[in-house]
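In case you want the letters, here they are:
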Amino acid sequence: MTAIYHRVALIGLGLIAGSLSLAIRRGGLAQEVVGTARSSESRAIAREIGLCDQICETALEAVAGADLVVLCVPVGAMGAVMAEIAPGLKPGATVCDVGSVKRAVFNAVLPHLPQDVHFVGCHPMAGTEHSGPKSGFAELFDNRWCLIVPPEDADAQVVSQLSKFWQQIGANTTEMTPDHHDLVCAVVSHAPHLIAYTMVGVADDLGRVTDSEVINYSAAGFRDFTRIAASDPTMWRDVFLNNRDATLEILGRFTEELFALQRAVRQGDGEHLYNYFNRTREIRRGILEAGQDTQAPDFGRSGAKS
Ligand code: NAP
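Residues numbered from 1 in each chain as written. Predicted model: local features only at pLDDT ≥ 70, side-chain atom pairs only at ≥ 80, totals over all residues. Heavy atoms only, no water.

A. Highlighting the layout of surface pockets. There is about 1,100 Å³ of room inside the second largest pocket. As for the second largest pocket, its lining consists of 45 residues, of which Gly 14, Cys 72, Val 73, Pro 74 and Asp 232 are closest to the centre. Breaking the lining of the second largest pocket down by element, the ones donating at least two residues are helix H1 (15-27), helix H4 (78-85), strand E6 (118-124), helix H7 (178-205) and helix H10 (233-242). The element that contributes the greatest number of residues to the lining of the second largest pocket is H10, accounting for 4 residues. (1 Å grid on protein atoms, 1.4 Å probe; cavity = no way out; pocket = protein on both sides within 12 Å on 5 of 7 lines; lining within 4 Å. Points joined across faces, edges and corners; volume = space filled by probe spheres on them. Helix = DSSP H or I, 4+ residues; strand = E, 2+ residues; numbered from the N terminus.)

Shown next, in the form of structure tokens:
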């Protein structure tokens, strides 16, 4: 494959940036990948494992001469990072983010964007519960979706080049507006995470079930909740602070459905329960058919999750 960008700068060196660097190198998609992280500890680890061609001390140093800059920090930090790098961006460069929320990131980032620099939102729908510079792997984005979210006045050529870049990284791409993105992600990712956090919290609070029982018998469904609930607390705090409306909308619907199921359980309404579970099973089948998970009894846990 030929390099799509000359110099790519990764700001933040966690799971997503690390996986991006490895996938870019795997595909020869850039001549040079440089990166930086907030802490000297993360920068030192990244240097030690050779995560990028060069690890810079500051974000300003990293973006110098870069034709693609990828913001790989928590959603709540995007605005401050954009303000910091703005004076050092190369005219004509493209900046994208990988944040899990889009409207709030647009609001935080766009006011700092220099006139001659492009910005396009991106959200790879792939991740694991691990974080930090050692957690990345080149295959993370393979056959996953990357949602491309261009601002209204985006340059079509810039968006097309960036989409091609994500496709060569291994992802499928599709475009959507920031508000639609935030609603879709509230359904498929944000509300499920909040529910998982709650379920694990409830089990933890339940004095009548011992810790060892929770841990030893967790394979019966609970284990998947614990994996999701082990996700990075900073990242997920920022997701809920920045996608409040869509998450609350979905949680409202969730609560109504939960009450309906609760009533069916109380009233012994087997037909309601059976029909409901049949419907949800079809959704699982659809996910498997689309190649977005595996039949393996570990639910593909060793690989990526959406
Ligand atoms: P991560 O592994 O925790 O890495 C986050 C990076 O951001 C670290 O290098 C960290 O620096 C840096 N950082 C944290 N707070 C910062 C701040 N206030 N200012 C500047 N830098 C800061 O996170 P990740 O999983 O790669 O997530 C990065 C982005 O991708 C997030 O916006 C997240 O919403 C999005 N995303 C995540 C997933 C997922 O499943 N993990 C999936 C799709 C999208 P230090 O190491 O120095 O602390």
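B. Representation of unusual backbone geometry. Even without a glycine there, the phi angle at Asn 143 is positive, about 60°. Residue classification places Asn 143 among the partly exposed positions, given a relative accessible area of 37%. (Buried < 20%, exposed > 50% of the residue type's maximum accessible area, 1.4 Å probe, protein only.)

C. Broad picture of the packing of aromatic side chains. Applying the stated criterion to the full structure yields 5 aromatic pairs. Plain terms: the ring middles of Tyr 5 and Phe 165 are 5.2 Å apart, the flat faces sit at 80° to each other, and that makes the pair edge-to-face. Of this pair, Tyr 5 sits in strand E1 (residues 5-11) while Phe 165 sits in helix H6 (residues 156-169), placing them 160 residues apart in sequence. When the centroid spacing of 5.9 Å and the interplanar angle of 40° are considered together, the rings of Trp 236 and Phe 240 count as tilted. Of this pair, Trp 236 and Phe 240 both sit in helix H10, 4 residues apart, which is roughly one turn of that helix. Like Trp 236, the residue Phe 240 is buried in the burial classification. Ring pairing ties together the aromatic residues Tyr 5, Phe 141, Phe 165 and Trp 166, which thus form one cluster. (Phe/Tyr/Trp six-rings, centres within 6.5 Å; stacked < 30°, edge-to-face > 60°.)

D. Here's a closer look at the site of the ligand. Of all residues adjacent to the ligand, which total 26 residues, the nearest are Leu 13, Ser 39, Ser 42, Val 73 and Ser 100. Note that an oxygen atom of the ligand is positioned 2.5 Å from one of the side-chain N or O atoms of Ser 42. Within the backbone of Val 73, a nitrogen or oxygen atom sits 2.7 Å from an oxygen atom of the ligand. Protein chains bury 85% of the 910 Å² of accessible surface belonging to the ligand in isolation. Assessed atom by atom at 2 Å from the grid points, the ligand resides in the second largest pocket. Every element with two or more residues in the shell around the ligand is listed here: H1 and E6. (Near = heavy atom within 4 Å. Polar contact = N/O pair within 3.5 Å; in protein donor to acceptor, adjacent residues only side chain to side chain. Areas by Shrake-Rupley, 256 points an atom, 1.4 Å probe, with all protein chains shown as cover. Sits in = over half its atoms within 2 Å of the grid points.)

E. Up close: the sheet that holds strand E4 (residues 68-71). One open sheet holds the 8 strands; their spatial order is E3-E2-E1-E4-E5-E6-E7-E8, and the pairing between them is mixed. Looking at the sheet topology across the chains shown, the edges are occupied by strand E3 (54-55) and strand E8 (172-175). As defined by bridge partners, E1 adjoins strand E2 (residues 30-36) across 6 bridges and the pair is classed as parallel. Bridged to Ile 11 within E2 is Thr 36. (Pairing = 2+ DSSP bridges.)

F. How the structure looks around the environment of Val 75. You can see Val 75 is positioned in the loop between E4 and H4. The exposure class of Val 75 is buried, given its relative accessible area of 8%. Spatially, the C-alpha atom of Val 75 lies 7.0 Å from that of Met 235, the residues being 160 residues apart in sequence. Residues within four places of Val 75 in sequence aside, it is in contact with Gly 99, Ser 100, Val 101, Val 105, Asp 238 and Asn 242. (Contact = heavy atoms within 4.5 Å.)

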